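Results of the structural survey
The primary structure of each chain is shown beneath.
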There are 2 protein chains.
Amino acid sequence: MTTEQNVRHFQDELEQLKARLLAMGGLAEDRVRTAMRGLTEGDQAALDRVITGDDAINQLHVEIDDRCVKLLALHQPMAIDLRAIVSAVKINNDLERVGDLAVNIAEAAARYMTHVPVKPLIDIPRMAVIAQEMLRDALDAYVRRDLSMAGNVLNRDDEVDALKTLVFKELLGYMQRDKTTVAASLDLILISRHLERIGDHATNVAEDVIFMVSARDVRHQVEESKF
Amino acid sequence: MTTEQNVRHFQDELEQLKARLLAMGGLAEDRVRTAMRGLTEGDQAALDRVITGDDAINQLHVEIDDRCVKLLALHQPMAIDLRAIVSAVKINNDLERVGDLAVNIAEAAARYMTHVPVKPLIDIPRMAVIAQEMLRDALDAYVRRDLSMAGNVLNRDDEVDALKTLVFKELLGYMQRDKTTVAASLDLILISRHLERIGDHATNVAEDVIFMVSARDVRHQVEESKF
């Protein structure tokens, strides 16, 4: 290949990597959505699908890691392209964890369904919506290399944390007043913790975008000596 | 530099990267140990130190990421060295999370200390010991590139999970029998979840070691086309 062909090939590969990361994000988000639907609609079949079916996301996780290593080995990218690939490795990990958390949510939801419901579910589905929006925005920020979009994701993490604290206090109150609500309340508390962690993973992705675009101190040190 | 000097320089840098990762692991483990001591000895000052003092680990996290990016940019490593650096990026992330989990443990322990204790703490400190051993062994496996050591870490994760289930059932029983134990029991359940996640991070590190040493399918594809 000529150098020009090689550069074009590399940029194509980088676009494919982005597309695969978005696909991974889509799978992870879909699993969270299905687990939450299982919880809110009492749909055991939906929960079972989340609990048993982690293969597609695991395969994609391995595929993306492999793509990153190959891109590094074959193209020896520099500067922002290099950081984009290193960030992809980290983001890939975060997305796999989100998939695992969907399983944790589905497991707790399946237990919750065996108890008398303690309260109408409002704040917990709200947490799920925000956490999923954060995740989607963080991935969009990665694809567009958009710093301000990444910054917005960081700001929203406080909303999720505030809802988690609200849910915790409310459910602790139920448990302390009426011990027959203990097991069910506990499952909801655990679900809210899992959702909080999904928000944390979205935050990690946003931080990776900031690292990728602004390069912090790395840029100066590497670029001064190398470029 | 001559090629030989360059290779030696690269190997020196790789050794330094390993040393910094071990230092990061040491900091993370120390924080978990301090949080657990705070819990078992009712030592509020120890808990406060964990809750406030995350700077060293955050700085090292940034430093290690920067080292990885620089090594990739300046030396364009191949095969196992390349995978070792990609793995270092992931392991670095896992270790930072362990540091965050130590904060979560300390926060729950500080709340726990405001309640009447529900039970003598035996299983939870045991979980902490196993999780920390797993983490240490996983890092040793990384430094030594030792597949069987990494495999042993994976096997131990079941011990941690079994203890978590035991703790959960026991504390759920307390809460259901006596509602005055609810708040304290809940904190212990959350602490056991945080310890379980430290075990999960050790498992991730061990999986990264297996990826690095055995290279799965990456090795064949990259090495056949490139070497």
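So, here is what we can say about the structure in this document. (Residues numbered from 1 in each chain as written. Chains lettered and ligands numbered in written order. Predicted model: local features only at pLDDT ≥ 70, side-chain atom pairs only at ≥ 80, totals over all residues. Heavy atoms only, no water.)

Right, let's talk about the side chain of Arg97(B) for a bit. If you trace the backbone, Arg97(B) turns up in helix α4 (residues 79-112). Its relative accessible area of 9% is what places Arg97(B) among the buried residues. In this structure Arg97(B) touches Asp94(A), Arg97(A), His201(A), Asn204(A) and His201(B), once residues within four positions along its chain are discounted. (Helix = DSSP H or I, 4+ residues; strand = E, 2+ residues; numbered from the N terminus. Buried < 20%, exposed > 50% of the residue type's maximum accessible area, 1.4 Å probe, protein only. Contact = heavy atoms within 4.5 Å.)

Let us look at the relation of the copies chain B and chain A. Mapping chain B onto chain A calls for a screw motion: a turn of 180° about the axis and a shift of 0.0 Å along it, with 0.0 Å RMSD after fitting. A rotation of that kind, with that shift, is consistent with a two-fold axis. In this assembly, 100% of the residues forming the interface of chain B have copies in chain A that are likewise at the interface, indicating an isologous arrangement. (Least-squares fit on C-alpha atoms with pLDDT ≥ 70 in both.)

Before going further, it helps to examine the pattern of salt bridges. Summed over all chains, the structure comprises 33 salt bridges over all chains. Linking Lys90(A) and Asp65(B) is a salt bridge whose minimum nitrogen-to-oxygen distance equals 2.4 Å. Of this pair, Lys90(A) sits in helix α4 (residues 79-112) while Asp65(B) sits in helix α3 (residues 55-75), each in a different chain. Of the two residues, Lys90(A) and Asp65(B), neither departs from the other in class, the shared state being buried. A salt bridge links Lys90(B) to Asp208(B); the nearest nitrogen and oxygen atoms lie 3.4 Å apart. Placement of the pair is Lys90(B) in helix α4 and Asp208(B) in helix α7 (residues 182-214), with a sequence separation of 118 residues. (Salt bridge = Lys/Arg side-chain N within 4 Å of Asp/Glu carboxyl O.)

We note that Gln76(A) has phi near 40°; this positive angle belongs to a residue other than glycine. Turning to its location among the elements, Gln76(A) is positioned in the loop between α3 (55-75) and α4. With relative accessibility at 26%, the residue Gln76(A) sits in the partly exposed group. One non-glycine residue, Arg145(B), lies in positive phi territory at about 55°. Mapped onto the elements of the fold, Arg145(B) is located in the loop between α5 (123-144) and α6 (147-177). Taking the relative accessible area as the measure of exposure, Arg145(B) reaches 24% and is therefore partly exposed.

Residues and elements named next belong to chain B. By the element assignment, Ser185 lies in helix α7. Residue Ser185 is classed as buried on the basis of its relative accessible area of 0%. Ignoring sequence-local partners within four residues, the contact set of Ser185 consists of Val118, Leu171, Tyr174 and Met175.

All names here are of chain A. Those residues of helix α2 (residues 44-52) that sit buried are Ala46, Leu47 and Val50. On an axial view of α2, the arc spanned by its buried residues comes to 100°, and they lie on one face. Tucked inside the fold, the buried residues of α2 contact α1 (3-41) and α4. Sitting at the head of α2, Asp43 places a side-chain oxygen 3.1 Å from the backbone nitrogen of Ala45. (Arc of directions from axis to C-beta. Polar contact = N/O pair within 3.5 Å; in protein donor to acceptor, adjacent residues only side chain to side chain.)

Honestly, that's just the spatial picture; any functional story needs more than this.
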